[in-house]
Amino acid sequence: MNLDEYYAKYGTLISQESERLFVDEFLFPLLGSNIEHVIPQYPFIDRTGKSRKIDFVCRFGSSYLALEVNGETYHAEGIIPNEQFDDNLFRQNEILRMGYRLLRFSYSQLQSQIWRPVVADALREAFSESAADLLG
């Protein structure tokens with residue numbers, strides 16, 4: 001699957017600029033055509049019965065990798081209401097409880113010349129350990 005095909009299939013689910021940057025400059029260069037194994041806005045039900053979504057999920061064999069791209073205005077303590085911040089933490093803890101390996105990146109990290117190589121290395125390592133056959 002090429003990038004245009006990926007966006008044709010999932011483009012309506014990738015609405016934030018941070019997520020598009022993540023796909024264009026990190027996931028696709030790393031995975032190439034194997035990006036088809038990464039599903040955006042993957043639904044799950046938490047322990048309270050609430051329907052949730054994970055930004056990106058790669059389920060490969062028995063491995064489950066959850067990738068979160070967090071913008072400061074959506075997830076930062078003190079910027080958003082405490083109730084929303086606590087709910088975001090609970091949601092991410094539920095992702096871990098369900099057996100996913102979770103990686104979180106901020107939009108500013110994805111844009112930073114200092115952090116970009118660190119993010120790329122973290123993704124490469126996570127895929128090497130969880131789904132090595134997908135690496136391009």
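Described below are features of the structure shown in this document. Just so we're clear, the structure is a prediction, and the values are computed from it rather than from any experiment.

Among the structural elements, Asn70 can be located in strand 3 (residues 63-70). For Asn70, a relative accessible area of 7% corresponds to the buried category. A distance of 3.1 Å separates a polar atom in the side chain of Asn70 from a polar atom in the side chain of Arg104.

Below, the discussion takes up unusual backbone geometry. Residues other than glycine seldom take positive phi values, yet Gln41 does so here, at roughly 50 degrees. Classification of Gln41 by relative accessible area gives buried; the value is 18%.

Read from one edge to the other, the open sheet built from 4 strands follows the order 1-2-3-4, with strand pairing classed as mixed. At either end of the open sheet lies a strand with only one pairing partner, and these are strand 1 (38-45) and strand 4 (101-106). Neighbour-to-neighbour, the strand axes of the sheet open up by a mean angle of 40 degrees, direction not taken into account. Where helix 6 (residues 116-131) meets the sheet, its contacts fall on strand 1, strand 2 (51-60), strand 3 and strand 4, and the angle it forms with strand 4 comes to roughly 165 degrees.

Turning next to the pattern of salt bridges. Taken as a whole and assessed by the stated rule, the structure comprises 9 salt bridges. Residue Glu94 pairs with Arg47 through a salt bridge whose shortest N-O separation is 2.7 Å. Separated by 47 residues along the polypeptide, Glu94 in helix 4 (residues 82-97) and Arg47 in the loop between strand 1 and strand 2 bring together distant segments of the chain. Between Asp87 and Lys50 there is a salt bridge, with the nearest N and O atoms lying 3.6 Å from each other. Placement of the pair is Asp87 in helix 4 and Lys50 in the loop between strand 1 and strand 2, with a sequence separation of 37 residues.

The full count for this structure, using the stated rule, is 6 aromatic pairs. Judged by centre distance (6.2 Å) and plane angle (70 degrees), the rings of Tyr6 and Tyr7 are edge-to-face. Assessed through its relative accessible area of 15%, Tyr7 is described here as buried. Here the aromatic cluster, defined as three or more aromatic residues joined through ring pairs, consists of Phe22, Phe26, Phe56 and Phe105. It is Arg20 that lies over the ring of Tyr7; its NZ or CZ is 4.1 Å from the centre.

This part covers the nonpolar core. One finds Phe22, Leu27, Phe56, Leu67, Leu123 and Phe127 to be the most contacted residues of the largest nonpolar core, which totals 27 residues. Elements supplying a minimum of two residues to this core: helix 1 (3-10), helix 2 (17-31), strand 2, strand 3, strand 4 and helix 6. With 7 residues, helix 2 is the largest single contributor of residues to this core. With 8 residues, the next largest nonpolar core counts Tyr42, Phe44, Ala66 and Ile95 among its residues.

What counts and how
- Residues numbered from 1 in each chain as written.
- Predicted model: local features only at pLDDT ≥ 70, side-chain atom pairs only at ≥ 80, totals over all residues.
- Heavy atoms only, no water.
- Helix = DSSP H or I, 4+ residues; strand = E, 2+ residues; numbered from the N terminus.
- Buried < 20%, exposed > 50% of the residue type's maximum accessible area, 1.4 Å probe, protein only.
- Polar contact = N/O pair within 3.5 Å; in protein donor to acceptor, adjacent residues only side chain to side chain.
- Pairing = 2+ DSSP bridges.
- Axes fitted to C-alpha atoms, helices over the stretch in contact; angles between N-to-C directions.
- Contact = heavy atoms within 4.5 Å.
- Salt bridge = Lys/Arg side-chain N within 4 Å of Asp/Glu carboxyl O.
- Phe/Tyr/Trp six-rings, centres within 6.5 Å; stacked < 30°, edge-to-face > 60°.
- Lys NZ or Arg CZ within 6 Å of the ring centre and 35° of its normal.
- Core = buried A, V, L, I, M, F, W, Y, C linked by side-chain atoms within 4.5 Å.

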